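Examining the three-dimensional arrangement
Each chain, letter by letter, is given below.
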Amino acid sequence: MAAGLRAVRRWGLVAAAPPSLAFTRSAFVVKKANNAQPNWLGVGLAFGTSAALWALLVKQHNEDVMEYERRKQARGHKCTECS
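Fair warning: this is a prediction, and the values are worked out from it, not measured in the lab. (Residues numbered from 1 in each chain as written. Predicted model: local features only at pLDDT ≥ 70, side-chain atom pairs only at ≥ 80, totals over all residues. Heavy atoms only, no water.)

Describing the overall build of the chain
Looking only at helices and strands, one finds two helices and zero strands in the chain. Among the 83 residues that make up the chain, the fraction classed as buried is 1%. (Helix = DSSP H or I, 4+ residues; strand = E, 2+ residues; numbered from the N terminus. Buried < 20%, exposed > 50% of the residue type's maximum accessible area, 1.4 Å probe, protein only.)

Considerations on the UniProt feature "transmembrane region" (unreviewed entry) in the chain
Feature annotation in UniProt places "transmembrane region" (unreviewed entry) on residues 39-58, given in this structure's numbering. In residues 39-58, the share of helix is 95% and the share of strand is 0%. The end C-alpha atoms are 29 Å apart. (UniProt positions renumbered as here; feature names shortened; annotations may be inferred.)

Looking at a nonpolar patch on the surface
A contiguous nonpolar surface patch, about 330 Å² in accessible area, is contributed by Trp 54, Leu 57 and Val 58. With respect to the helices, strands and loops of the structure, Trp 54 is situated in helix 2 (residues 40-76). Judged by relative accessible area, which is 55%, Trp 54 ranks as exposed. (Patch = residues over 30% accessible without salt bridge, like charges linked within 9 Å, V, L, I, M, F, W, Y side chains within 5 Å. Areas by Shrake-Rupley, 256 points an atom, 1.4 Å probe, with all protein chains shown as cover. Salt bridge = Lys/Arg side-chain N within 4 Å of Asp/Glu carboxyl O.)

As structure tokens, this is what we get:
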């Protein structure tokens with residue numbers, strides 16, 4: 001029986017006991033944040049990305065409004081020469 005248990009442990013078939021939470025560290029916290037010196041590259045990238053996405057949104061909206069107006073005019077145009 002003991003030999004069987006050793007084989008099971010050796011092959012990893014038994015779940016290992018979880019490590020103590022007192023000795024674990026988060027992989028995402030490397031050092032304490034220094035609020036006196038912000039990460040200006042990250043701030044610039046965040047605001048720049050936001051501004052670019054808003055510009056793209058406004059541009060797409062304006063194109064959609066122009067297309068809507070063009071189709072609305074084409075729908076209302078009822079002359080005999082075009083059909």
